[in-house]
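In case you want the letters, here they are:
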Amino acid sequence: MPIMSKDEAQALLKKVLSYSKADECEVNLSGTDSGNIRYARNSVSTSGRVSQHQLVVSSAFGKKLGIATINEFDDASLKKVVERAEELARLAPENPEYVPFLGPQTYAESKTYIAATAAITPKLRSDLVEQSIKVAKEAGAVAAGFLEDNTGFVAMMNSKGLFAYNTSTNTNFSVTVRTADGTGSGYATRGYNDITKLDTKTATQIATQKAVKSVKARAIEPGKYTVILEPAAVAVLLENIFFRLDARQADEGRSFLSKAGGGTRLGEKLVDERVNIYSDPLNPDLPTSTWNGDGRPQEKVSWIEKGVIKNLSYERYWAEKKGVKAVPGPDAAIMEGGTKSLEELIAGTKKGVLVTRLWYIRDVDPQSLLLTGLTRDGTFYIENGRIQYPIKNFRFNESPIIMLNNLEELGKVERTVSVESNQNYLLPPLKVRDFTFSSLSDAV
Amino acid sequence: MADVALNTAKAGGATYADVRIGRYLNQFISTRERRVQGITNTESFGVGIRVIAKGTWGFAATNQVTADGIKKATEQALAIAKANSKFQKEPVKLAPVPAYGEVVWNTPIVKNAFEVPVSEKVDLLINANSAALKEGASFVNSNLFQVNEQKYFASTDGSYIDQDIHRIWPTFTVSVTDRASGKFKSRDALSAPMGLGYEYMIPRAEDKLQTPMGMTLYRNSYDMIEDAATAARQAKEMISAKSVEPGKYDMVLEPNHLGLTIHESVGHPLELDRILGYEANYAGTSFASIEKLKSGTFNYGSKLVNIFADKTQPGSLGAVGYDDEGVKCKRWDLIKEGVLVNFQAIRDQVHMLGQNESHGCCYAQGWGDVQFQRMPNVSLAPGKEPYSAAQMIKDVEKGIYIAGRGSYSIDQQRYNFQFGGTVFYEIKNGQIAGMLNDVAYQSNTQEFWNSCVKICDEKDYRLFGSFFDGKGQPSQVSAVSHGSSTARFNGVNVINTGRTI
């Protein structure tokens, strides 16, 4: 039931629209079928399977809009949710920024659905976890991890004749391995649309090696260091740029992309010229939906090209007001990399710190995009091209913009997962000079 | 309906089962400047079933709330439990709980926010925005969140619990931009999300606290219009305020700020599941070990520090009659005169502390999520001697006063943290010496709580709230309050967070 075919979704959406008395009505429908296994202390702790649906009705009278949602789809509930949206719309004051819903659009065929993932069995899930736990147990270590998979569909239809439908599959896996005495900890994470690409054994081996090697960490002085950030660490820093590409905020003077004296930094070189960041819904290694929540097509967009801010994202109202194309914000981001492996980046480093991942990232100052957070699960001191010894974790205070100006080298791109947002990205490991570590942490 | 689940579970070999049928209603109103951006009502209905079979937990949920749908979900939960039992080393052991029979608990609200006309709520938000714009705000966004959880719980232990829970959160962000310099500053609302009805939105004089810096702070009701006007004045002042000189300061921390520090450095580290390693892959573990607890001598803080957990405090976000596994809620001590004395634990883990009664702090964010240990309200008891915040400021030579929450970050074992705030004032020789910018303090949990030298009395006691506390995989949110009075911490390390890009 949760995954409706295109025809079933279309039929349901038509029925909902038939109840509408509003000037305009738009209906978004989604459903997911998800399964997960959570484990800790080398044993499964919770496991579940959840099927959910949601229907969102947006009704407008003139420039007055109301929104209501429901997850019961019998006729009475569907009528109720439409009535509720209309009632809210009648009560709402006019929104002078209201933009009428879009008419029919053309979308590229998305690549987000992989049949093998949708066909996952409880046994496969359990086998993948068993392989992970086995690796940790054999090393005398303790694994805690999480495997989840989702099959979902989204559809929308409006009274202007727009219809869109998409299906997708995803799996995310992460594992933290700690030594039995709790003095060493390592981590690995993987994300795919296709579950057959997921190798929990190799990922857990990496996490286990990091755990074992990080025992007896030494304290070194906080300060500015050359760092090699693995892709999982790069993700949680750079996504703060990806999430803040909104043109209106920049135009209004309250974004890191605002300019003194007014205007934005669109077209300005803001970071190192080797930085190229774009989004592409049809990238085979990171496919995303070819349309967004308000029905606009998602296309390939360059955001930063040779260090220059190339595009900003727009709400439809703001784009209309500014007379520009209403480019929606990206669903995922891709950064171009280099040819070197992580090992080669380490080999070319005289003195530096290898960072496996960063944790608890928070905004400190939106003006400079200054972020704080800590290293976690594998932080090592590098000298003369080799890892010398594990070091205690640091708190950092750094802006991803300053960091991308202090770029030394980019490694080979890989798909990674942000532990903060759960988003997947294609990112290289980065070598950066003068990264600011401001204090030490005793945490393992 | 609930009995279909319980009977199916028992017939399928379950030694325990519970079922939660929930209807979750939300209303969310968002505005900016003089217009409404969105009015959204959401409703979600479904059932979650948890079983123990072969000594192992299994969970399944469905929105097909029919005899057939519930039966199928129960069978799925049983199948999951049985499949995972191969990993189980020791069978799940539940602390006993009395059979409460059929009971009812409702948040004691005065005015149901869902029954207040939308136009009245919209007017209030727009009036608050207008007050800020009039005082020179460049932009203002304001929001009102209203939550109603209607949930029914039944278990094979003989409880049938019906609860109706309400929460509310008005908030805003006022921004001032200075086009010439390209600088922008913002000031968030000094409201708190509360376990109250719409009565929180109707200001009462007895809930207002005046401060030496001219801003008003709020207790059990909130004056959104007044606070929005103050916010605009303060945001304007921030544009030209002094950037902090880094160094050691005595910190005077107001309850709506200190609540988040309590949350991160006391609330989370004392969760038994994370101490045991169940959260190791996400939220992390904890420096607070069972050994430290059992020693009976671990000095978490100074002698003044008394921190208690509770799920009963009126008006708090965590207040319910029974938790999501049917345990009656209560209050208990976590830190007594500075010494660590207890953790937070639920039915399947409390035995690991040698205790045989759950603390009653199990929660699931919705019917589709499995319930697990969540932080109760964790609060700092007020000082016993009469002492006001104004007096505290007078007694400080070189310090910083912080009100409201800001940026927050702490490591995965809860040692090293860094906090910002909503507004910062410099204290020089007992006087407020103007606003500061770019302030963040860094400390270590044990060092910080041992530097607590003064706590104001109960007249200053107020609740801070966190509406969206995240934990677990898949991540679930929970709402929790933290009470305290203004408190002073000596010699805390302050850094300057100003940068130019």
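**Student:** Is there a simple way to explain the domain arrangement of chain A in this structure?
**Tutor:** For an interface, size is often stated in terms of accessible area lost upon the parts coming together. Residues and elements named next belong to chain A. Looking at the assigned domains, one finds that chain A contains domain 1 (6–211) and domain 2 (212–238 + 337–440). Computed over C-alpha atoms, the centres of domain 1 and domain 2 are 30 Å apart. Secondary structure elements with two or more residues in the side of domain 1 that touches domain 2: β5 (163–179), β6 (185–192) and α5 (200–213). The dominant element in the side of domain 1 that touches domain 2, judged by the number of residues it contributes, is β6, at six residues. Tallied by class, the residues present in the side of domain 1 that touches domain 2 amount to three nonpolar, 12 polar and two charged.

**Student:** Would you explain the pairing of strand β18 (residues 398–403) of chain B in this entry?
**Tutor:** A regular strand carries its side chains on alternate faces of the sheet. Residues and elements named next belong to chain B. With five of six residues buried, β18 is to be regarded as a mostly interior element. Note that strand β11 (residues 247–253) and β18 share four bridges and pair parallel. Bridge assignment links Asp250 to a residue of β18, and that residue is Gly399. Bridge count between β18 and strand β21 (residues 423–428): six bridges; the pairing is antiparallel. Bridge assignment links Ala403 to a residue of β21, and that residue is Val423.

**Student:** Got a minute to help me understand the interface of chain A and chain B in this structure?
**Tutor:** Of the residues lining the interface, 76 residues belong to chain A; the matching set on chain B comes to 64 residues. The dominant element in the side of chain A that touches chain B, judged by the number of residues it contributes, is strand β2 (residues 43–61) of chain A, at 11 residues. Grouping the amino acids of the side of chain A that touches chain B by side-chain chemistry returns 28 nonpolar, 31 polar and 17 charged. With two bridges joining them, strand β3 (residues 64–70) of chain A and strand β2 (residues 35–53) of chain B adopt parallel strand pairing. Paired with Ala68 of chain A across the bridge in β2 of chain B is Asn41 of chain B.

**Student:** Mind showing me how you'd approach the packing of helix α3 (residues 118–134) of chain B against helix α4 (residues 224–240) of chain B here?
**Tutor:** Angle between the axes and distance between the axes: these two values describe a pair of packed helices. All names here are of chain B. α4 packs onto α3 with a crossing angle of 25° between their chain directions and a minimal axis gap of 7 Å. Taken together, α3 and α4 sit at an angle that is classed as roughly parallel. α3 and α4 meet at a crossing whose hand is right-handed. Here Leu124, Asn127, Ala128, Asn129, Ala131 and Ala132 of α3 come into contact with α4, specifically with Met224, Ile225, Ala228, Ala229, Ala231 and Ala232.

**Student:** Help me understand helix α2 (residues 75–91) of chain A, please; the structure alone is not making it clear to me.
**Tutor:** Turn by turn, an α-helix covers 3.6 residues, leaving residues three or four places apart pointing in a common direction. Its 17 residues place the ends of α2 of chain A 24 Å apart at the C-alpha level, agreeing with the 24 Å of an ideal helix rising 1.5 Å per residue. Those residues of α2 of chain A that fall on the buried side of the exposure criterion are Leu78, Val81, Val82, Ala85, Glu86, Leu88 and Ala89 of chain A. For α2 of chain A, the angular spread of the buried residues around the axis is 160°, confining them to a single face. Its buried side turned inward, α2 of chain A meets α1 (6–18), β2 and β3 of chain A together with β2 and α3 of chain B.

**Student:** Could you clarify how one ought to interpret α5 of chain A in this entry?
**Tutor:** Residue and element names in this part refer to chain A. For α5, which comprises 14 residues, the first-to-last C-alpha distance of 20 Å matches the rise-based estimate of 20 Å (1.5 Å per residue) to within 8%. Every buried residue of α5 is listed here: Thr200, Ala203, Thr204, Ala207, Thr208, Lys210 and Ala211. Seen from one end, α5 has its buried residues packed into an arc of 160°, which puts them on one side. Where α5 is buried, its residues contact α4 (122–138), β4 (141–158), β5, β6, β12 (351–365) and β13 (370–383).

**Student:** What am I meant to see in the pairing of β13 of chain A here?
**Tutor:** All names here are of chain A. Across the 14 residues of β13, 12 count as buried, placing the element largely inside the fold. Bridge count between β12 and β13: 11 bridges; the pairing is antiparallel. What sits directly across from Trp359, in β13, is Leu374. The pairing of β13 with strand β14 (residues 386–390) spans four bridges and is classified as antiparallel. Within β14, the position partnered with Tyr381 by the bridge is Tyr389.

**Student:** Sorry if this is basic, but what is going on with the packing of helix α1 (residues 2–11) of chain B against helix α2 (residues 67–84) of chain B here?
**Tutor:** Residues and elements named next belong to chain B. α2 packs onto α1 with a crossing angle of 35° between their chain directions and a minimal axis gap of 9 Å. Classified by chirality, the crossing of α2 by α1 is right-handed. Contacts between α1 and α2 pair Val4, Ala5, Thr8 and Ala9 from the former with Ala67, Ile70, Lys71, Thr74, Glu75 and Leu78 from the latter. Residue composition of the contact of α1 with α2, by class: six nonpolar, two polar and two charged.

**Student:** For this particular structure, what's the right way to read the sheet that holds strand β12 (residues 307–310) of chain B?
**Tutor:** Sheets are built from strands paired through backbone hydrogen bonds, the pairs being either parallel or antiparallel. All names here are of chain B. Strands sit in the order β14-β13-β12-β17 across an open sheet of four strands; the sheet is antiparallel. Two strands bound the open sheet, and with one partner strand each, they are β14 (339–340) and β17 (377–380). Relative to strand β13 (residues 331–336), β12 runs antiparallel, the two sharing four bridges. Across the sheet, the residue bridging to Ala309 is Trp332, located in β13. Lying on the sheet, helix α5 (residues 255–267) is in contact with β12, β13 and β17; it crosses β17 at an angle near 110°.

**Student:** Can you help me understand the nonpolar core in this one?
**Tutor:** Burial of nonpolar side chains together is a common tendency in soluble globular proteins. Grouped together as the largest cluster of nonpolar side chains are 266 residues, with contacts concentrated most on Val57 of chain A together with Val51, Ala132, Ala228 and Ile400 of chain B. Ranked by residue count, the leading element in this core is β4 of chain A, at 10 residues. Counting contributing residues, this core receives three or more from each of domain 1 (6–211) and domain 2 (212–238 + 337–440) of chain A. In this structure Ile400 of chain B touches Tyr249, Met251, Phe424, Glu426, Ile427, Leu436, Val439 and Val494 of chain B, once residues within four positions along its chain are discounted.

**Student:** Mind showing me how you'd approach the environment of Ser485 of chain B here?
**Tutor:** Residue and element names in this part refer to chain B. When you line up the elements, Ser485 lands in the loop between β26 (476–484) and β27 (487–496). The sequence separation of Ser485 and Phe59 amounts to 426 residues, and the corresponding C-alpha distance is 41 Å. With residues up to four places along the chain from it excluded, the contact list for Ser485 reads Pro255, Pro382, Gly383, Ile455, Cys456, Asp457, Glu458, Asp460 and Tyr461.

**Student:** Explain unusual backbone geometry here, please?
**Tutor:** Note: most peptide bonds trans; most residues except glycine with negative phi. Looking along the chain, the bond that leaves Gln473 of chain B and enters Pro474 of chain B is cis, with omega of -5°. Looking at the element boundaries, Pro474 of chain B is found in the loop between β25 (462–471) and β26. Within the chain, Arg41 of chain A stands out as a residue other than glycine whose phi angle is a positive 50°. Among the residues examined, Arg41 of chain A registers 16 C-beta atoms within 10 Å and is labelled partly exposed. Here the phi dihedral of Lys306 of chain A falls at roughly 50°; this positive angle occurs in a residue that is not glycine. Looking at where Lys306 of chain A falls in the secondary structure, it is placed in the loop between β9 (301–305) and β10 (308–309). Lys306 of chain A sits in the partly exposed class, given 13 other C-beta atoms within 10 Å.

Conventions we followed
- Residues numbered from 1 in each chain as written.
- Chains lettered and ligands numbered in written order.
- Predicted model: local features only at pLDDT ≥ 70, side-chain atom pairs only at ≥ 80, totals over all residues.
- Domains from an automatic or database assignment.
- Helix = DSSP H or I, 4+ residues; strand = E, 2+ residues; numbered from the N terminus.
- Nonpolar A, V, L, I, M, F, W, Y, C, P; charged D, E, K, R; others polar.
- Buried ≥ 20, exposed ≤ 12 C-beta atoms within 10 Å, placed from the backbone.
- Pairing = 2+ DSSP bridges.
- Contact = placed C-beta atoms within 7 Å.
- Axes fitted to C-alpha atoms, helices over the stretch in contact; angles between N-to-C directions.
- Parallel < 35°, antiparallel > 145°, perpendicular 65-115°, else oblique.
- Left-handed = near helix turned anticlockwise from the far one by under 90°.
- Expected span 1.5 Å × (residues − 1).
- Arc of directions from axis to C-beta.
- Core = buried A, V, L, I, M, F, W, Y, C linked by C-beta atoms within 7 Å.

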